[in-house]
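Single-letter residue listing:
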Amino acid sequence: MKPDTIDVKIIEALMEDGRASFRQIARRTSLTTPTVSARIARMTKAGLIMKFVPVLSVDSVNPHVLALVTLKVSSMVAEEVASDLARLREVEDVYMTTGQSITLKVALNSPQGLQSFLNLGVLAKPGVDVTSSQIITAVVKEESAALLPSTMTMNLRCDYCSEKVTRSRPYTVSVASSHYYFCCKTCRKAYLDKYGSRLAKLGAPKTDQPDILKGAV
Ligand SMILES: [Zn+2]
């Protein structure tokens, strides 16, 4: 299933301020607080939102110098060299690109550190040529690209049969702050038949079609 416009609104609000409360996000997106909380829970469960992390300013964490290094590598050793480079602590990013090249972003203690980095054994291997190495003089932008909603997918699994939920509006059951998702009405009914009385102890279970609960709990 794909995130809908409500999900996207919430994601955009979170990208602006990952610490905003559900209530603040609700106000900014003109949604209700329970909707925001349920959607964030769903996107987290589906693995679309992986975690909330602080973004530290590079300057205040470690006063280092960044450099971009581009290598030409023979296809025989490309993957091995890339993974060796990825293991180095000073290497922040490793990109394999067209033209049999590898581009690295490297953090150094000083501009002079670049030469020592270039002397590392892995860069002296046969089949590896350093084609350019430059110190970054200014970072104009450094963040993930703006979201393209059409490329996002959520991997939500049915809480009863574990199959993928493909409907854009899954069948749901909510009890207190827990939310359960189902691929079809049948799975939801089966789930309620099995666990309905247990759920009822936590509060009144709600579904998006309330009549279904009657007789099940
Ligand atoms: Zn199912």
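Residues numbered from 1 in each chain as written. Predicted model: local features only at pLDDT ≥ 70, side-chain atom pairs only at ≥ 80, totals over all residues.

### Topic: the overall build of the protein chain
Put simply, the rule reads: Secondary structure follows DSSP: runs of H or I at least 4 residues long count as helices, runs of E at least 2 residues long count as strands, and numbering of each begins at the N terminus. Whether a residue is buried, exposed or partly exposed is read from the other C-beta atoms within 10 Å of its own C-beta, which are placed from the backbone; 20 or more gives buried, 12 or fewer gives exposed, and intermediate counts give partly exposed. The contact criterion used here is simple: two residues whose C-beta atoms, placed from the backbone, lie within 7 Å are in contact.
A count of helices and strands for the protein chain gives 7 helices and 7 strands. Secondary structure elements of the protein chain, listed N to C terminal, follow the sequence α-α-α-α-β-α-β-β-α-β-β-β-α-β. Burial status across the protein chain gives 18% buried among its 217 residues. Sequence-distant contacts in the protein chain: of pairs separated by 6 or more residues, those separated by 24 or more amount to 56%.

### Details of the pairing of strand 2 (residues 91-97)
Put simply, the test is: The pairing criterion is simple: DSSP has to find at least two bridges between the two strands.
As defined by bridge partners, strand 2 adjoins strand 3 (residues 101-108) across 6 bridges and the pair is classed as antiparallel. Pairing of Val 94 across the sheet is with Leu 104, part of strand 3. What sits between the antiparallel neighbours strand 2 and strand 3 is a turn of 3 residues, in which Gly 99 has the positive phi angle 75°.

### A look at the sheet that holds strand 5 (residues 171-175)
Backbone hydrogen bonds are what pair the strands of a sheet, in a parallel or an antiparallel way. Taken in spatial order, the 3 strands line up as 6-5-7 in an open sheet, and their pairing is antiparallel. With partners counted over all chains shown, the strands left at the sheet margins are strand 6 (178-182) and strand 7 (206-207), one partner each. Two strands pair when backbone bridges link them, and strand 5 and strand 7 are joined in this way by 2 bridges, in the antiparallel orientation. Residue pairing across strands places Val 173 opposite Thr 207, the latter belonging to strand 7.

### What about the packing of helix 2 (residues 22-29) against helix 3 (residues 33-45)?
Our working rule: Helix axes are fitted only over the stretch in contact, all axes being lines through C-alpha atoms; the angle between N-to-C directions runs from 0 to 180 degrees. In these notes the angle categories are as follows: under 35 degrees is roughly parallel, over 145 is roughly antiparallel, 65 to 115 is roughly perpendicular, and the rest is oblique. When the near helix sits turned anticlockwise from the far one by under a right angle, the crossing is termed left-handed; a clockwise turn instead gives a right-handed crossing. Put simply, Ala, Val, Leu, Ile, Met, Phe, Trp, Tyr, Cys and Pro go in the nonpolar bin, Asp, Glu, Lys and Arg in the charged bin, and everything else, Gly too, in the polar bin.
At their nearest, the axes of helix 2 and helix 3 sit 8 Å apart, and the two run at 110° to each other. One finds that helix 2 runs roughly perpendicular with respect to helix 3. The chirality of how helix 2 crosses helix 3 is right-handed. Contact residues: helix 2 offers Phe 22, Arg 23, Ile 25 and Ala 26, while helix 3 offers Thr 33, Val 36 and Ser 37. A class-by-class count of the residues in the contact of helix 2 with helix 3 yields 4 nonpolar, 2 polar and 1 charged.

### Let's talk about the sheet that holds strand 1 (residues 65-73)
Within the open sheet, the 4 strands sit side by side as 2-3-1-4. Their pairing is antiparallel. Edge positions in the open sheet fall to strand 2 and strand 4 (128-135), since each of these has one partner strand only. Strand-to-strand twist in this sheet, taken as the mean axis angle between neighbours without regard to direction, amounts to 20°. Bridge count between strand 1 and strand 3: 8 bridges; the pairing is antiparallel. When the bridges of strand 3 are listed, Thr 70 appears paired with Thr 103. Where helix 5 (residues 78-87) meets the sheet, it contacts strand 1, strand 2, strand 3 and strand 4, and its direction lies at approximately 165° from that of strand 2.

### Focus: the confidence of the model for the protein chain
Short version of the rule: Residue-level confidence of the predictor is what pLDDT reports, using numbers from 0 through 100.
Taken as a whole, the protein chain shows an average pLDDT of 85; of its residues, 88% reach a score of 70 or greater. Below pLDDT 50 for its whole length, residues 210-217 participates in 15 contacts with residues either more than four positions away or in separate chains.

### Concerning the environment of Leu 66
Here Leu 66 lies in strand 1. Residues Leu 66 and Leu 108 lie 42 residues apart in sequence; the distance between their C-alpha atoms is 6.0 Å. Once residues within four sequence positions are removed from consideration, Leu 66 is found in contact with Lys 105, Val 106, Ala 107 and Ile 136.

### Concerning the pairing of strand 6
Bridge count for strand 5 against strand 6 is 5 bridges, and the pairing is antiparallel. Within strand 6, the residue paired with Val 175 across the bridge is Ser 178. Two successive antiparallel strands, strand 5 and strand 6, enclose a turn made up of 2 residues, where Ala 176 displays a positive phi of approximately 50°.

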